[in-house]
2 protein chains.
Amino acid sequence: MKEITIQQNKVLDCIQDYINKTGFPPTRANICKELGFKSPNSAETHLRALEKKGFINIESGTSRGISLVNPKVNKNNEDAFPIIGLVAAGSPTLASENIEKTVNCSPTFFRESFDYFLRVKGLSMKDAGIMEDDLIAVKKTQDIRNGDIVIARIEDEVTVKYFERKSPEVVHLKPANEDFNDIEINLKETEIFIEGKSVGLIREN
Amino acid sequence: MKEITIQQNKVLDCIQDYINKTGFPPTRANICKELGFKSPNSAETHLRALEKKGFINIESGTSRGISLVNPKVNKNNEDAFPIIGLVAAGSPTLASENIEKTVNCSPTFFRESFDYFLRVKGLSMKDAGIMEDDLIAVKKTQDIRNGDIVIARIEDEVTVKYFERKSPEVVHLKPANEDFNDIEINLKETEIFIEGKSVGLIREN
DNA sequence: AATAGTACTGAATATTTATACAGTATATTA
DNA sequence: TAATATACTGTATAAATATTCAGTACTATT
């Protein structure tokens, strides 16, 4: 198999992304729009080159008749997600010094997309089935609803709790363990930063 | 989600097969040829019914713009693991009728290899952080040690418990929930089959 | 008895799409 | 120096395709 050029690789990635996103391959026009080409023939020639080099098959006379030859090229299907362990005070969560290791896993593994895994310390969410050393799939978002399990940062300490907004100024962070107490936060007095919410969990026995 | 009819299910299977075979969804005409319809409108009406019932999405004005809501991945994919739901009495665990759906995941995702996921029913292992609807990664093995979480079948009922061998003839299956009682099994009286053991867990929030 | 859903045939049509043709330009190879 | 591959724009068009309309027939529900 001949070498692929940078542009051809962009087209190949574009096809992969399009399939992952929509479930079906793109048209020439779709590729043009995605990569900024102004003529469908730009896509066409790249496709012919990719076919010649064995990266794709093109079903002649068929709309969207592009198929990827090497299904392992589906690496967009398997991304590496970092596991965040102890988060140093003040440092950005995803800073490399906080990354324990990475896990290969599909971005669509859980019902919602997510950004990283957080390794759980302590048993404050025990009754929600979240145990020490479990990996919580964290989605970085500010779109939090009451009852969501949130990853919150209060004065440089990271904690995982149920979220409940009592009033515009008062937020409760509730553990799922009777040995722990609710944390009541008055936003006028105490600063709180919501890192995101839990969208899933993995336990390595 | 409403019930699917026999014909609609044939169309759904046809779409799945077509995608697995070609890499892209079929046209109305393709479906007609495959299923012996003589008018593209036969396919069209089935597709609209399937969309209405939530099995597929149709991108309007787009050729081959069909995408499956719950796509089953090619069985040749080494990284597709079945989720086993309710296991019918007497039927082999991995029989296709027991497969709820499949999950894409690396075989080496957990520390030990595994064979399938079991969807948990009930809260008998609550204090071990195993909640209802969690997915347990099950390794089919007879190599069980005391303290392992096993998937056991006792008289056609499947249960997840801690395993403890008291003597060559007596086995205890211990729940992790004080509302449940230990199950003591005398192997001379009661037959027990160990399906395997838990090597990990996934929770889809 | 009327309504709605399923399950088709058959034909018509507007839109989508692949694909060919005509160019321009640059870099690499023989 | 000529040939070849890459990397595009721009236009045109035949073929592929979605989608609508007009029917027929059966079944289940109200």
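The shown structure was predicted, so the numbers you read here are calculated from the model rather than taken from an experiment.

Conventions and cut-offs
Residues numbered from 1 in each chain as written. Chains lettered and ligands numbered in written order. Predicted model: local features only at pLDDT ≥ 70, side-chain atom pairs only at ≥ 80, totals over all residues. Heavy atoms only, no water. Helix = DSSP H or I, 4+ residues; strand = E, 2+ residues; numbered from the N terminus. Buried < 20%, exposed > 50% of the residue type's maximum accessible area, 1.4 Å probe, protein only. Contact = heavy atoms within 4.5 Å. Areas by Shrake-Rupley, 256 points an atom, 1.4 Å probe, with all protein chains shown as cover. Pairing = 2+ DSSP bridges. Near = heavy atom within 4 Å. Polar contact = N/O pair within 3.5 Å; in protein donor to acceptor, adjacent residues only side chain to side chain. Nonpolar A, V, L, I, M, F, W, Y, C, P; charged D, E, K, R; others polar. Patch = residues over 30% accessible without salt bridge, like charges linked within 9 Å, V, L, I, M, F, W, Y side chains within 5 Å. Salt bridge = Lys/Arg side-chain N within 4 Å of Asp/Glu carboxyl O. Lys, Arg positive; Asp, Glu negative; His and termini not counted. Charge placed at Lys NZ, Arg CZ, Asp CG, Glu CD. Core = buried A, V, L, I, M, F, W, Y, C linked by side-chain atoms within 4.5 Å. Phe/Tyr/Trp six-rings, centres within 6.5 Å; stacked < 30°, edge-to-face > 60°. Expected span 1.5 Å × (residues − 1). Arc of directions from axis to C-beta.

Caption draft 1: Here's a closer look at the overall build of chain A. A count of helical and extended segments in chain A gives three helices and 11 strands. When its helices and strands are written in sequence order, chain A yields α-α-α-β-β-β-β-β-β-β-β-β-β-β. Expressed as a percentage of the 205 residues in chain A, the buried residues total 48%. For chain A, the proportion of contacts with a sequence separation of at least 24, taken over those separated by at least 6, is 52%. Carbon and sulfur atoms provide 47% of the accessible area of chain A, an area that totals close to 11000 Å².

Caption draft 2: Fine view of the pairing of strand β6 (residues 135–139) of chain B. All names here are of chain B. Where burial is concerned, most of β6 is hidden: four out of the five residues are buried. Two elements, β6 and strand β11 (residues 192–204), share five bridges in a ladder whose sense is antiparallel. Paired with L135 across the bridge in β11 is I202.

Caption draft 3: Representation of helix α2 (residues 28–35) of chain B in the model. Residue and element names in this part refer to chain B. Within α2, burial applies to R28, N30, I31 and C32. In this fold, the buried residues of α2 make contact with α1 (6–22), α3 (40–52), β1 (56–58) and β2 (66–68). A positive backbone phi angle near 85 degrees is found at G36, which sits one or two residues after α2.

Caption draft 4: Main features of the protein's contact with DNA strand D. As a structural note, the neighbourhood of DNA strand D is formed by 24 residues, with K38(A), S39(A), S42(A), G61(B) and R64(B) the closest of them. S63(A) is positioned with one of its backbone polar atoms (N or O) 3.0 Å from a phosphate oxygen of DNA strand D. Taking R64(B), its side chain carries an N or O atom lying 2.6 Å from a phosphate oxygen of DNA strand D. Of all the elements in the fold, those that place two or more residues in the surface near DNA strand D are α1 (6–22) and α3 (40–52) of chain A together with α3 of chain B. Sorting elements by how many residues they give to the surface near DNA strand D places α3(B) first, with four residues. For the surface near DNA strand D, the per-class residue count stands at two nonpolar, 16 polar and six charged.

Caption draft 5: Looking closely at a negative patch on the surface. A contiguous patch of negative charge on the surface is contributed by E178(A), D179(A), E178(B) and D179(B). One can find E178(A) in the loop between β9 (170–174) and β10 (183–186).

Caption draft 6: Examining the nonpolar core more closely. Grouped together as the largest cluster of nonpolar side chains are 28 residues, with contacts concentrated most on I130(A), I136(A), I130(B) and I136(B). Looking at this core, the elements that each hand over two or more residues are β5 (116–119), β6 (135–139) and β7 (149–154) of chain A together with β5 (116–119), β6 and β7 (149–154) of chain B. Ignoring any residue separated from it by four or fewer positions in sequence, one finds I136(A) in contact with Y116(A), F117(A), L118(A), V120(A), I130(A), I151(A), V160(A), S198(A), G200(A) and L201(A).

Caption draft 7: Quick look at the packing of aromatic side chains. All names here are of chain A. Inspection of the entire model under this criterion finds six aromatic pairs over all chains. Centre to centre, the rings of F110 and F114 are 5.5 Å apart; their planes meet at 75 degrees, and the pair counts as edge-to-face. Each member of the pair F110 and F114 is classed as buried. Between F114 and F117 the ring centres are 5.1 Å apart and the planes differ by 50 degrees, which places this aromatic pair in the tilted class. There is no split in this pair, since F114 and F117 are both buried. Connected via pairs of aromatic rings, a cluster forms that spans F110, F114 and F117.

Caption draft 8: The arrangement of the environment of P40(A) in detail. All names here are of chain A. Its place among the elements puts P40 in helix α3. It is 8.8 Å that separates the C-alpha atoms of P40 and N30, two residues lying 10 residues apart in sequence. Ignoring sequence-local partners within four residues, the contact set of P40 consists of R28 and C32.

Caption draft 9: Fine view of α3(B). Residue and element names in this part refer to chain B. Taking 1.5 Å per residue, 13 residues should reach 18 Å; α3 reaches 18 Å between its end C-alpha atoms and fits that length. Taken residue by residue, α3 has A43, H46, L47, A49 and L50 as its buried positions. When α3 is viewed along its axis, its buried side chains cluster within an angular range of 160 degrees and face the same direction. Packing partners of the buried residues in α3 comprise α1, α2, β1 and β2. Phi for G54, located one or two positions after α3, is positive at around 90 degrees.

Caption draft 10: Summary view of the protein's contact with DNA strand C. G61(A), R64(A), K38(B), S39(B) and S42(B) are the nearest of the 24 residues found near DNA strand C. Restricting the count to atoms of DNA strand C within 4 Å of the protein gives a sugar and phosphate share of 75%. Here a phosphate oxygen of DNA strand C and a side-chain polar atom of R28(A) are 3.0 Å apart. At 3.2 Å, a side-chain N or O of N41(A) approaches a base nitrogen of DNA strand C. Among the secondary structure elements, those contributing two or more residues to the surface near DNA strand C are α3 of chain A together with α1 and α3 of chain B. When residues in the surface near DNA strand C are grouped by element, the largest group, four residues, is from α3(A). In terms of residue class, the surface near DNA strand C is made up of two nonpolar, 16 polar and six charged.

Caption draft 11: Summary view of unusual backbone geometry. Residues and elements named next belong to chain B. Positive phi values are uncommon outside glycine, yet R64 reaches one of about 55 degrees. Relative to the helices and strands, R64 is located in the loop between β1 and β2. Classification of R64 as buried rests on a relative accessible area of 7%.

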